[in-house]
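Commentary on secondary and tertiary structure
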Amino acid sequence: MRFPEVFSGRRVRQVQKAFHNAKVTLLCLFVTVMVLRGTIGAGKFGTPGQDLAEIREHLIVGRRGEPHRVLTEAAINEGGGKAEAGGVVEEEEEPEEPEVERDPNGPLYSLGPKISDWDEQRSEWLKKNPGFPNFLPNGRPRILLVTGSAPKACENPVGDHLLLKSIKNKIDYCRLHGIEIFYNMAHLDSEMSGFWAKLPLIRKLMLSHPEVEFIWWMDSDAMFTDMAFEPPYERYKDHNFVMHGWEELVYNRKNWIGLNTGSFLLRNCQWSLDILDAWAPMGPKGKIRTEAGKLLTNYLTGRPEFEADDQSAIVYLLITQREKWGNKVYLESAYYLHGYWGILVDKYEEMIEKYHPGLGDHRWPLVTHFVGCKPCGKFGDYPVEQCLKQMERAYNFGDNQILQIYGFTHKNLSSRKVRQTRNQTDRPLEVKDELGLLHPPFKAVKLSSSE
Amino acid sequence: MRETGRRVLPSTRGVPNGRSFGMPRAKQLKKTCNNFKITILCGFVTILVLRGTIGVGNFGGGDAGEVSESVAKQNARVLEEIRHEPDDEEDQMQLKIDPNSTFVYSLGPKISDWDQQRETWLKENPQFPSSINGRSRILLVTGSPPSPCDNPVGDHYLLKSIKNKIDYCRLHGIEIVYNMAHLDKEMAGYWAKLPLIRRLMLSHPEVEWIWWMDSDAMFTDMVFELPLEKYKDYNFILHGWDKEIYGRKSWIGLNTGSFLLRNCQWSLDVLDAWAPMGPKGQIRDEAGRVLTAFFEGRPAFEADDQSALIYMFITQKKLWGDKVFLENSYYLHGFWVGVVDKYEEMVRNYHPGFGDDRWPFVTHFVGCKPCGSYADYPLERCLKSMERAFNFADNQILQIYGFRHQKLGSAKVKRTRNETALPLEVKDEFNIQHPSFTGQKSL
């Protein structure tokens with residue numbers, strides 16, 4: 001063989017090998033990048049999750065997708081309002097304020113300007129406005145039940161349906177007991193978000209409604225299951241804050257679930273404004289709430305790690321400042337002002353067999369509270385199926401007590417269908433409903449002789 | 001002959017054919033092995049990459065995606081169970097009604113002395129008077145089906161709608177009954193209000209007026225009070241026009257989505273006369289044909305309560321006409337189309353309290369049906385309009401507390417005034433914080 005030929009042949013092979021290596025290298029590099037995207041994400045190259053979401057969005061057509069899109073549009077449509085057809089001019093846009101986290105070392109959070117003479121202001125107002133007394137003609141204190149939910153549709157498609165049933169349940173109880181309802185759907189204070197939102201709301205309602213003697217806060221996942229039970233308000237005449245709980249668990253065992261803030265009574269007075277002010281500091285979202293969460297987990301027994309919640313914060317406050325607040329706090333355990341659903345829902349049939357409404361306690365709970373279910377969101381602490389089924393049962397259990405007034409009942413606790421329990425008559429006013437809820441004494445309006 | 005130039009080591013010479021057969025074969029085997037290894041390696045890498053990106057089912061995949069998928073599946077299963085409760089024997093039997101049989105539907109046993117029964121009861125029960133502080137007791141009745149909406153956003157708007165009603169009724173001292181039970185399977189759908197209203201009247205003699213309101217109707221004037229004194233000689237108040245009903249015989253000459261019915265014998269009689277077209281099945285279908293033939297422009301569908309009532313008023317004017325008030329001086333019912341676009345203009349030019357076209361009392365989303373699947377208008381338009389109406393009304397409540405929505409399409413709120421240490425000196429703009437209509441008259 002001639003030398004040059006051999007040489008070129010070798011070179012060709014070298015070049016070929018080099019190409020081959022280059023190809024392999026590029027392939028490996030590509031594979032590495034893909035794997036990295038899949039595991040840790042790769043910045044602006046996006047992640048596979050994002051890819052999938054994009055693909056899904058492009059593919060979603062049809063009714064199910066539409067409302068979701070409309071609602072997300074509504075939620076994010078803050079800037080650039082377009083003129084409606086017909087030439088209506090949109091209101092002026094407020095510039096979006098950037099969400100700034102409060103600096104833990106900066107100015108302290110405050111629910112509002114300090115008020116120190118609320119009792120006097122209130123009593124002056126009540127004197128001047130005898131048409132709005134804080135005690136009703138039948139001797140009961142005027143109560144405002146406060147509850148609420150987020151202004152946007154639930155992520156879970158059945159969540160809004162359960163919220164609807166829950167508010168109907170509250171409407172029924174409150175109608176029977178002469179209690180007014182305030183259903184909040186506005187975020188009054190962006191820092192006090194989530195479970196903390198109740199603090200600025202309660203304060204605002206107290207200050208706007210001096211005629212209200214007690215605010216009754218109730219979570220949206222709590223339902224009335226005893227329509228006949230009336231809380232013993234006289235028992236609380238020397239107290240301002242009534243929660244379901246046990247002194248032993250709170251003060252001695254420092255247990256974070258020694259009481260529950262899902263259903264409580266707070267008197268409209270100076271003391272309450274002060275305790276709201278003392279309660280609020282752990283609430284502002286961001287670093288403050290996260291740091292406070294760590295403190296609470298260390299201090300309280302059994303508390304998992306998560307940001308500060310209003311319940312743990314009040315337990316902490318009561319323990320550390322017992323002399324200041326303790327004597328006006330009533331930890332009620334004689335009836336279920338809040339009743340944990342886990343131990344109650346399986347017993348409803350037994351209760352129907354053995355007992356009757358009006359007891360409010362373990363025999364017939366006033367409130368069944370679906371702690372941890374989170375029907376509006378996607379992930380709760382309990383299996384979804386169990387939560388949904390039990391919430392239906394609790395709702396029907398409460399609803400039966402209303403339906404029986406009119407001669408109906410649910411076919412069974414899991415059924416939405418109803419059947420008649422008595423025939424209709426042409427003398428309807430002679431029918432007495434079993435529980436006396438048709439014209440209950442707590443609804444009666446006492447009239448003065450001049451009326 | 002295969003070209004093995006690339007794979008062959010440069011030092012190897014020799015022609016790959018025949019003569020030195022053993023060597024190339026070993027090399028071939030080696031080559032094949034190498035190929036195999038590379039193939040398997042690549043295959044393995046591919047699977048890894050796929051796992052990281054889209055998940056490959058059984059082989060495992062992205063955790064969060066999987067959990068959320070299983071939650072969604074569970075939800076869907078429970079929802080299906082809740083929605084489609086099977087009919088039992090009892091239900092099956094009730095559904096067969098032969099219109100030719102002697103069976104005549106009735107809302108209940110005939111009562112002829114309700115006014116006397118009621119009067120006696122009120123005398124015996126002074127602690128449950130029919131008027132409080134000089135105002136007649138009103139019971140607002142509304143409701144929706146007990147199963148989740150086909151469209152989940154429907155439930156969200158039912159929730160907003162009831163909150164809206166709670167707000168108005170709290171300000172005006174009106175009690176609410178929210179019905180979610182099918183009291184009478186025959187009178188299903190829009191006819192369900194008849195047995196419900198009758199049942200509530202007979203159970204609550206202390207209630208002077210039943211105010212039926214559809215779930216798709218919202219209060220948009222929080223200040224407006226019903227002018228009840230105007231109706232002292234009437235028993236049935238609906239939004240509509242006399243000439244549309246008796247003159248043009250229009251099937252939409254009045255609206256049964258929001259009306260007042262006095263609790264008295266006359267009303268029981270009107271309900272009894274109204275009911276016969278209601279029982280579902282052949283009766284309702286037949287009646288639908290009669291109504292379509294009678295009314296110009298009425299599409300062909302089963303008998304609805306509204307057409308049936310108009311038909312009754314026209315054909316039996318002498319019996320009922322003098323106690324029916326067709327109100328059109330304010331929007332006891334306000335058809336949403338045309339109204340919802342004007343909210344901003346209203347805010348600029350007027351104020352709550354008018355209740356009429358300047359500031360509609362009620363905005364009623366007829367034809368939207370966000371809960372069901374078949375509507376007369378595009379869903380997106382309906383939802384946007386409902387959101388606007390809700391926020392328009394909500395602003396009137398929020399202003400009491402010093403807030404309002406950033407704009408009518410937005411759920412976000414902003415402050416309209418600062419907090420103060422003297423909250424009781426702040427007056428809300430429309431004086432509905434402590435409205436005169438709920439205050440107790442001085443004793």
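Residues numbered from 1 in each chain as written. Chains lettered and ligands numbered in written order. Predicted model: local features only at pLDDT ≥ 70, side-chain atom pairs only at ≥ 80, totals over all residues. Heavy atoms only, no water.

Thoughts on the overall build of chain A
Across its full length, chain A holds 13 helices and 10 strands. Taken across its 451 residues, chain A has 51% of its residues classed as buried. Across chain A, every contact between residues at least 6 apart in sequence was considered, and the portion connecting residues at least 24 apart equals 72%. When the accessible surface of chain A is split by element, carbon and sulfur atoms take 56% of a total near 22,200 Å². (Helix = DSSP H or I, 4+ residues; strand = E, 2+ residues; numbered from the N terminus. Buried < 20%, exposed > 50% of the residue type's maximum accessible area, 1.4 Å probe, protein only. Contact = heavy atoms within 4.5 Å. Areas by Shrake-Rupley, 256 points an atom, 1.4 Å probe, with all protein chains shown as cover.)

Topic: the sheet that holds strand β6 (residues 259-267) of chain A
Hydrogen bonding along the main chain pairs the strands of a sheet, whether they run parallel or antiparallel. Residues and elements named next belong to chain A. Read from one edge of the open sheet, 6 strands run β2-β1-β3-β6-β5-β7, paired in mixed fashion. Since the sheet does not close on itself, it has two edges, and those belong to β2 (180-184) and β7 (329-332), each with one partner. Within the sheet, the average angular offset between the axes of one strand and its neighbour, ignoring direction, is 25°. Across 5 bridges, strand β1 (residues 143-148) lies against β2 in parallel orientation. (Pairing = 2+ DSSP bridges. Axes fitted to C-alpha atoms, helices over the stretch in contact; angles between N-to-C directions.)

Remarks on the sheet that holds strand β3 (residues 138-143) of chain B
All names here are of chain B. Taken in spatial order, the 6 strands line up as β4-β3-β5-β8-β7-β9 in an open sheet, and their pairing is mixed. Taken across any chain shown, the strands that pair with only one partner, and hence form the sheet edges, are β4 (175-179) and β9 (324-327). Within the sheet, the average angular offset between the axes of one strand and its neighbour, ignoring direction, is 25°. Direction of pairing for β3 relative to β4: parallel, over a ladder of 5 bridges. Of the residues in β4, the one forming a bridge with V141 is V177. Across the face of the sheet, helix α10 (residues 305-315) comes into contact with β7 (236-240), β8 (254-262) and β9 while running at roughly 65° to β8.

Thoughts on the packing of aromatic side chains
Overall, the coordinates contain 44 aromatic pairs over all chains when judged by the stated rule. Each ring, one from Y168 of chain B and one from W211 of chain B, has its centre 6.3 Å from the other, and the planes form 85°; the classification is edge-to-face. Residue Y168 of chain B is found in helix α5 (residues 152-172), and its partner W211 of chain B is found in strand β5 (residues 209-213); the two are separated by 43 residues along the sequence. Above the ring of Y251 of chain A, the side-chain terminus of R322 of chain A is found at 3.6 Å from the ring centroid. (Phe/Tyr/Trp six-rings, centres within 6.5 Å; stacked < 30°, edge-to-face > 60°. Lys NZ or Arg CZ within 6 Å of the ring centre and 35° of its normal.)

Quick look at the side chain of S258 of chain B
Residue and element names in this part refer to chain B. On the secondary structure map, S258 appears in strand β8. Look at S258 and you get buried, because its relative accessible area is 1%. Not counting chain neighbours up to four residues away, the residues in contact with S258 comprise W211, W212, M213, L332 and H333.

Describing the pairing of β5 of chain B
All names here are of chain B. Judged by how many residues are buried, β5 sits mostly within the fold: 5 of 5 residues are covered. Side-chain alternation along β5 places W209, W211 and M213 on one buried face and I210 and W212 on a second face that is also buried. The pairing of β3 with β5 spans 4 bridges and is parallel. Looking across to β5, one finds that L140 is bridged to W211.

Considerations on the state of the cysteines
This structure, assessed with the given rule, holds 4 disulfides over all chains. At a sulfur-sulfur separation of 2.0 Å, the disulfide partner of C154 of chain A is C376 of chain A. Judged by the sign of its S-S torsion, about -100°, the bond between C154 of chain A and C376 of chain A is left-handed. Of this pair, C154 of chain A sits in the loop between β1 and α5 (159-177) while C376 of chain A sits in the loop between β8 (367-369) and α13 (384-403), and the two are 222 residues apart along the sequence. Classification of C376 of chain A as partly exposed rests on a relative accessible area of 26%. C368 of chain B shares a disulfide with C382 of chain B; S-S distance 1.9 Å. (Disulfide = S-S within 2.5 Å.)

Points about the pattern of salt bridges
Residue and element names in this part refer to chain A. Applying the stated criterion across every chain yields a total of 48 salt bridges over all chains. Where K128 meets E124, a salt bridge forms, and the shortest distance between an N and an O atom there is 3.8 Å. Of this pair, K128 and E124 are both found in helix α4 (residues 118-128), 4 residues apart, which corresponds to roughly one turn of the helix. Look at E124 and you get partly exposed, because its relative accessible area is 40%. For the salt bridge of R267 with E213, the shortest nitrogen-to-oxygen distance reads 2.8 Å. Of this pair, R267 sits in strand β6 while E213 sits in the loop between α6 (198-208) and β3 (214-218), placing them 54 residues apart in sequence. Assessed through its relative accessible area of 11%, R267 is described here as buried. It is possible to trace a salt-bridge network through shared partners that takes in K168, D172, R175 and D399. (Salt bridge = Lys/Arg side-chain N within 4 Å of Asp/Glu carboxyl O.)

Structural notes on helix α8 (residues 265-274) of chain B
For α8 of chain B, a buried count of 7 out of 10 residues is recorded, marking the element as mostly surrounded by other parts of the structure. Here α8 of chain B has its buried residues at Q265, W266, S267, L268, V270, L271 and W274 of chain B.

Here's the deal with the confidence of the model for chain A
On average, chain A scores 85 in pLDDT, and the residues at 70 or more come to 83%. A low-confidence stretch, residues 56-94 of chain A stays under pLDDT 50, and its non-local contacts, those more than four residues away or across chains, total 53 contacts. (pLDDT = per-residue confidence, 0-100.)

Some details on α5 of chain B
All names here are of chain B. Taking 1.5 Å per residue as the helical rise, α5 with its 21 residues ought to reach 30 Å, and the 31 Å between its terminal C-alpha atoms agrees with that figure. Buried residues dominate α5, accounting for 21 of its 21 residues. One or two residues past the end of α5 sits G173, with phi positive at roughly 65°. (Expected span 1.5 Å × (residues − 1).)

Regarding the nonpolar core
In globular proteins that are soluble, nonpolar side chains generally tend to be buried together. W216 of chain A together with W211 and F236 of chain B are the most contacted members of the largest nonpolar core, which has 227 residues in total. Broken down by element, the residue count for this core peaks at 10 residues, all from helix α13 (residues 379-398) of chain B. (Core = buried A, V, L, I, M, F, W, Y, C linked by side-chain atoms within 4.5 Å.)

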